[in-house]
Every structure is written in C-alpha cells, then in structure tokens.
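# Chains, contacts and geometry: an overview
Chain residues, written in single-letter form:
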Amino acid sequence: MKNMRDFISKAESEGILKRIKVEVDWDLELSHIAKLNEEEKGPALLFENVKGYDSPIITSVCTTTERLALIMGQPKESTLVDLYNEWARLGENLTPPKWVDAADAPCKENILMGDEVDLFKFPVPKFYPLDGGRFYGTAHFIVSKDPESGWINLGTYRSQLLEKNKLGTQFIKGKHADIMLKKYQAMGKPMPVASIVGCDPLLFILGAARVSAFVSEYDVAGALRGEAVEVVKGETVDLPIPAHAEIVVEGEVDADKFMDEGPFGEYTGYYSGVGTDPRNFIDVKCVTHRNNPIFWGTTVGRAVTDTHMTMALSYGANLWQQLLAMKIPGLKAVYCPPEGSGRFMAIISIKQMYPGHADQVLTAAISTEMGAYGLKTVIVVDEDIDPWDISRVMYALSFRFQPNRCQIINRGRSTPLDPSLPINAREITGRLLMDATIPYDWKEKPIPIELDPEVVKKVKARWSELMGG
Ligand SMILES: Cc1cc2nc3c(=O)[nH]c(=O)nc-3n(C[C@H](O)[C@H](O)[C@H](O)COP(=O)(O)O)c2cc1C
Ligand SMILES: [Mn+2]
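Per chain, residues are indexed from 1 in the order of the written sequence. Numbering of ligands from 1 and lettering of chains from A proceed in the order in which they are written. This being a predicted model, a pLDDT of at least 70 is required before a residue's local features are given, and a value of 80 or more before pairs of side-chain atoms are given or counted; all residues contribute to the totals for chains, interfaces and linings. Note: side-chain values were computed over all heavy atoms of the structure, leaving out hydrogens and water.

Helical geometry: 3.6 residues make up each α-helical turn, so side chains three or four residues apart lie on a common side. Restricting attention to buried positions, one finds in helix H1 (residues 4–13) the residues Met4, Phe7, Ile8 and Ala11. Seen along its axis, H1 keeps its buried residues to an arc of 100 degrees; they face one direction. Between two residues, a contact is recorded if the distance between any of their heavy atoms is within 4.5 Å. Runs of E in the DSSP output that reach at least two residues are strands. Runs of H or I that reach at least four are helices, and both are numbered from the N terminus. Packing partners of the buried residues in H1 comprise strand S1 (17–20), strand S2 (44–47), strand S3 (57–59), helix H3 (65–72), helix H6 (201–207) and strand S18 (295–296). Nitrogen and oxygen atoms within 3.5 Å of one another constitute a polar contact, given that in protein one can donate a hydrogen and the other can accept it, and given that sequence-neighbouring residues count only through two side-chain atoms. Sitting at the amino-terminal end of H1 is Asn3, which places a side-chain oxygen 2.9 Å from the backbone nitrogen of Arg5. Positive phi shows up at Gly15, right after H1, with a value of about 75 degrees. Exposed residues in this analysis have more than 50% of their type's maximum accessible area, buried residues have under 20%, and partly exposed residues fall in between, with area computed by a 1.4 Å probe over protein chains only. Here, the arc refers to the directions that run from the helix axis to the C-beta atoms.

What follows is the structure, given as structure tokens:
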C-alpha cells in the first residue's frame, strides 16, 4: 500500500468503504455523518459530492481494527494485540526513506506558489458547532527537521484553516515539532514545515505515534511496511515529502508570531480550552497536489471513534515495543483500551518470576516514551488474565487487587487536553499503578477452586438428559 488510492481500492473490494454520492455540506453535516457512522463502527466514507467543491474527502479510515489490520497488511481478523505484536516484531528494523525524482512523484501534478495558494479550494470540514472554525489538519501530519542533527520528524498536530495561506498549529510542549521549533527560535530563524494530507495511511498513524525523539517516523514506516517510503524534495522547503501524497502544504512557522486559534473539540470529548488562544501558525508559501486530490479528515469528540482507534493502535503498539526493548522477562501482552484513546490507561499481563516483578513492570511502563506522557493508570495482571478481556480484568481487580499494594506517583508529564485536570493546571498529572496480581513472594497463595475433571466429563455426557432437548 503506497498511497490513499491503494487503501480506497482495497477497502472497497473488502466491502469496508462506501462512496457517498449525494451532496453533503462541509459545514457540520459531513463531520456529523462521519461521527455517527463511526459510533456504529461503519465503513470508511468517501464523500464524492461536497457542496461547493469538485474534489472528494475521505473519513473514518482507521475506525475499526479490521481497517487498521488492512493498513498494516495483516489478516482481517487480527486483534489490536496482534497488531501490537506485529508492530513490535517489525518496528526495530528501521528503514530510511528512498528519494525519487519529481517526475515520479504524483504529489507534484499541480504546483501552486505564492499568490496562487488558496487552502479554501479544498473541502475542509467544520466539525462541531463550538469549534473556532474549519480544521484543515486532522488526519494529516507535519514534517519538520531538527536543525542540529537533521532528524526528520512526522507529527500529527491539528491545524486550523485561519486564512487562505495561514494554518494554525498546536505543538504541545515537548512534542517533537515544539522541541525543534525552539531550536530554530534560538537561531533566529523560522522553521520550514510541510503538512501532508492523504498518503499511505500508515504514515498518518505514525504521525500520531509516540516514536522516541531522534527517531524518524519515516524509518519506522519503512520498517513496518518492509519497504522504504518514497519521498521527494519540497519545492520551497528542504524536507522529504511522501511522493504519493494527495496534498502538500509547504511553509514556515515563526516561533515569535501568533494568531488566534481554536477552540477545537478534542478526542477527550471536551474542548481543549475555553476559547481561542494565541498560537504559532504556518505561513504557507506553496501547495502541491495530485489531480482530483483526496482530502482526508478524522473526527474527534467522544470515544470510541476514528481518532481513538488510531491512537489505540499507535500508542499501544509503541508501549508494547518500548517495554519489550527494555528486555524485562515475563511480558505477555499489553492492551491500551480505545475507550481511553489508547493513551490514558494500559493493562499489562506478565508471568511473574521474582518478587517485585509486577512493580518493575508498572514503573517501567510509565518510563517509556509513550507512558511518560499521558499514561495515568497502569494495571498489571497475571498471565492467566488476557488484558483485553475486560471482564477478566475486573475479576482480577476484584479478587487479586489490594489498594495497599497500589502506588501513586504524584507528578508526571501530562497532556493539556486531560479534562480531569483544571483547565489552567494541566501540565502535571498523577499516576496510579495497580498491581492486580497474586504477589509472587507469598508462600501461601489462595487455593483456586477446580472442578473435578472426571465428574465434569460425566456431567457433560449426561447434559442433554439433564437439561432436556
Ligand atoms: C487527530 C489527532 C490530532 C492531534 N492533535 C494534536 C495537537 O494538536 N497537538 C499535539 O501536540 N498533539 C496532537 N496529537 C497527538 C500527537 O499526534 C502525538 O502525540 C504524536 O506523538 C506527536 O508526534 P511527535 O511524538 O513526533 O511529537 C493529535 C493526534 C491525533 C490522532
Ligand atoms: Mn516524533
């Protein structure tokens, strides 16, 4: 799968994509159709007739595990946990992107410079009534380069359509684009960036992944695909651009310039703030796009919809990969529930091998790149409990968990989106580490009740006699 068009044809032949041919308004209607469809775990939607526009928009690409499996090239019955395993198996084999000529890059089919740039020519949706405007960048990512090391980062950070050549940004503190922007600021230079809409969907999932600093998401995409991502030079920025992208916005961000941005309804189900905030923006210098470009959006809002599934895969797979990289023995599985957007809660099963093993895994989880950010609650269970089997997890939390063996970490890096914290005090979060295992060091362990296998056999043989029918 090289691009969005490959995804569309594969998903269509699997019956998990629907073309909407009737006219739909980009102003609230389109996002509401997508959101209601996603709440029902419906198909990916390709809107072919957007009011006032002659190019299409796709939504709901990542909403189901089946579609995430399709994107990862895995069997359609794969579970999220299977996908985490596959990600961890392939993910270490970092594969740098491959440069191709502009002549072989469909993203260069149309090139608009300077005054020709008008982002209103794309069917950018307005998602929710209280949103501050239309949001161009939802299912997109921003490419930037570290001015010191040359490390290339892909990060999904929302972009509001502010003017025909201005896109708002929200690089949350410590995110990789924020770290890079501060370096450009110190050098007194604006940061060149490119926003990518529509490409191999795996690249978007990686834009929303917690890949460690100094590692390029392009290299991880190459590892997961088993094939280098094809990239081409930007027209006005010295950055690698996915050759098969639908729409590429090139421009620069000046850390000292601000415009009013937001608010935006987030994946937490709440607004990120109370109103607009001054934020940096992309001053757009050039747009390149394919013929009949396919715009791409993702809904946010209350879980579980598209963004939650995207993050349940990207954050969950990162946690699993980063834990495995620590080479802690006995790790069995991780599950990051989509209900928490795959990022606020993690459940980990282990085969205990020594006293303190469960505590080691709990503290390790919150020290990974993924866990050190928003992870608030970590639960460790024994190997006989599948972490994705929530009723068994509830069983462990009822009969094995003991509050006195819980640990509270008072201070950790938070996300400013967490609605459980006051709006103006969201930089630091607490964390809860829950050991729901039977302690390894107990000499006398609770004795499980087992059925007598011989009696079970006899009863089963008499089942229809006993129960009739
Ligand atoms: C739809 C969507 C929108 C997002 N919006 C933002 C955002 O506005 N700002 C931000 O810092 N992170 C946002 N994220 C989360 C980041 O993509 C994620 O933390 C990622 O790790 C950032 O890349 P980086 O690790 O290279 O900085 C968003 C994720 C998704 C799926
Ligand atoms: Mn990164």
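Additional details are given in the paragraphs that follow.
Glancing now at the confidence of the model for the protein. The quantity called pLDDT is the predictor's confidence in a given residue, expressed from 0 to 100. Across the protein, the average pLDDT comes to 97, with 100% of residues at or above 70. Model confidence for the protein, summarised as mean pLDDT per element, is weakest for helix H12 (residues 463–467) at 96 and strongest for strand S11 (residues 191–197) at 99.

With that out of the way, let us pick up the nonpolar core. Side chains of a nonpolar character, in soluble globular proteins, are inclined to be buried together. As used here, the term nonpolar core means buried Ala, Val, Leu, Ile, Met, Phe, Trp, Tyr and Cys residues forming a set that is joined through side-chain atoms within 4.5 Å. Among the nonpolar cores identified, the biggest contains 142 residues, and Phe7, Ile58, Trp87, Tyr136 and Ile348 are the most heavily contacted of them. When residues in this core are grouped by element, the largest group, nine residues, is from helix H8 (residues 306–325). Both domain 1 (4–296) and domain 2 (326–469) contribute no fewer than three residues apiece to this core. Once residues lying within four places of it in the same chain are set aside, the contact partners of Ile348 are Leu323, Leu331, Ala333, Val334, Val361, Ala365, Val378, Ile379, Val380, Val381 and Pro387. Residue ranges assigned to each domain were obtained from an automatic or database domain assignment.

As a matter of local geometry, ligand 1 sits amid 20 residues, with Thr156, Tyr157, Gln170, His176 and Tyr315 nearest to it. Interatomic distance of 2.6 Å between a backbone N/O atom of Thr156 and an oxygen atom of ligand 1. Contacts to ligand 1 include His176, whose backbone N or O atom sits 2.8 Å from an oxygen atom. Counting only elements with at least two residues in the shell around ligand 1, the list comes to strand S8 (152–155) and H8. Residues are grouped as follows: nonpolar covers Ala, Val, Leu, Ile, Met, Phe, Trp, Tyr, Cys and Pro; charged covers Asp, Glu, Lys and Arg; every other residue, Gly included, is treated as polar. Class assignment for the residues of the shell around ligand 1 results in seven nonpolar, nine polar and four charged. The cutoff for a nearby residue is simple: one of its non-hydrogen atoms must lie within 4 Å of the molecule or strand.

On to helix H9 (residues 357–365), then. Those residues of H9 lying buried are His357, Ala358, Val361, Leu362, Ala364 and Ala365. The buried side chains of H9 occupy one side of the element, clustering within an arc of 165 degrees when seen end-on. Where H9 is buried, its residues touch H8, strand S19 (331–335), strand S20 (345–350), strand S21 (377–382) and strand S23 (428–435).

Another aspect to go through is the state of the cysteines. Count a disulfide wherever a pair of cysteine sulfur atoms falls within 2.5 Å. Under the definition given, this model contains zero disulfides. With no disulfide of its own, Cys62 lies 10 Å from the sulfur of Cys199, the closest cysteine sulfur. The cysteine Cys107 is free of any disulfide, with Cys286 supplying the nearest cysteine sulfur at 9.8 Å. With relative accessibility at 0%, the residue Cys107 sits in the buried group.

Turning next to the coordination of the manganese ion (ligand 2). Excluding water, the donors of a metal are its N, O and S neighbours within 2.8 Å, or within 3.2 Å for Na, K and Ca, and that exclusion means sites may look incomplete. With distances of 2.1 to 2.2 Å, the protein atoms coordinating the manganese ion (ligand 2) are Asn153 (OD1), His176 (ND1) and Glu217 (OE). Binding-site remark: the manganese ion (ligand 2) is held by donors from one chain whose sequence spacing is N-x22-H-x40-E. On the criterion of sequence distance, the pair formed by Asn153 in strand S8 and His176 in helix H5 (residues 176–186) is long-range, its members being 23 residues apart. Exposure remark for Asn153: the relative accessible area of 0% places this residue in the buried category. By relative accessible area, His176 is classed as buried at 8%.

Turning to the packing of aromatic side chains, a few remarks are in order. Classification of ring pairs uses Phe, Tyr and Trp, with its six-membered ring standing for Trp, and accepts pairs whose centres are within 6.5 Å; under 30 degrees between planes counts as stacked, over 60 as edge-to-face, and the remaining range as tilted. Within the structure shown, the criterion is met by seven aromatic pairs. Between Tyr136 and Phe295, the ring centres sit 5.2 Å apart and the planes meet at 70 degrees, which makes this aromatic pair edge-to-face. With Tyr136 in strand S6 (residues 135–137) and Phe295 in strand S18, this pair connects stretches of sequence that are 159 residues apart. Counting every residue linked through ring pairs, the aromatic cluster contains Phe127, Phe135 and Phe264. For a ring to carry a charge above it, either NZ of a lysine or CZ of an arginine must fall within 6 Å of the ring centroid while also lying within 35 degrees of the normal to the ring plane. We note Lys233 situated over the ring of Trp99; from NZ or CZ to the ring centre the distance is 4.0 Å. Its guanidinium or amino end placed over the ring of Tyr440, Lys445 lies 5.6 Å from that ring's centre, counting from NZ or CZ.

This brings us to the packing of helix H4 (residues 80–91) against helix H7 (residues 217–225). Here the axes come from fitting lines to C-alpha atoms, over the contacting stretch only for helices, and the angles between their N-to-C directions go from 0 to 180 degrees. Put simply, H4 and H7 touch, their axes get as near as 8 Å, and they point 110 degrees apart. Considered as vectors, H4 and H7 are oriented roughly perpendicular to each other. Residues Trp87, Leu90 and Gly91 of H4 form the contact with H7, whose participating residues are Val220, Ala223 and Leu224. In the contact of H4 with H7, the residues fall into five nonpolar, one polar and no charged. Angles are sorted into four bins: roughly parallel if under 35 degrees, roughly antiparallel if over 145, roughly perpendicular if 65 to 115, and oblique for all others.

Any two strands are treated as partners once DSSP identifies two or more bridges connecting them. Strand order across the open sheet formed by three strands is S4-S12-S13, with mixed pairing between neighbours. The strands lining the two open edges of the sheet, one partner per strand, are strand S4 (98–99) and strand S13 (240–242). One ladder, built from three bridges, connects strand S12 (residues 230–233) with S13; its direction is antiparallel. Pairing of Val232 across the sheet is with Ile241, part of S13.

Attention now moves to the sheet that holds S2. With respect to topology, four strands assemble into an open sheet ordered S1-S2-S3-S18, the strand pairing being mixed. Each edge of the open sheet is held by one strand with a lone partner, namely S1 and S18. Here three bridges tie S2 to S3, and the two strands are oriented antiparallel to one another. Its bridge partner lying in S3, Leu45 is registered against Thr59. Across the sheet, helix H2 (residues 29–39) lies against S2 and S3, angled at about 160 degrees from S2, the strand it touches most.

Domain annotation for the protein reports domain 1 (4–296) and domain 2 (326–469). A straight line from the C-alpha centre of domain 1 to that of domain 2 covers 34 Å. Tallying the contact residues gives 20 residues for domain 1 and 19 residues for domain 2. Note: buried area is the sum, over both parts, of the accessible area (probe 1.4 Å) each one loses when the two are combined. For the pair domain 1 and domain 2, the summed buried area comes to about 1600 Å², and 62% of that belongs to carbon and sulfur atoms. Area buried by domain 1 at its contact with domain 2 is led by Val81, Arg210 and Tyr267, which between them contribute 36% of it. One speaks of a salt bridge when a side-chain nitrogen belonging to Lys or Arg is within 4 Å of a carboxyl oxygen belonging to Asp or Glu. Counting across the interface, domain 1 meets domain 2 through two salt bridges. As a salt-bridge pair, Lys173 and Glu427 come within 2.9 Å of each other at their nearest N and O atoms. Across the contact surface, domain 1 and domain 2 share five residue pairs in polar contact (both at pLDDT 80 or more).

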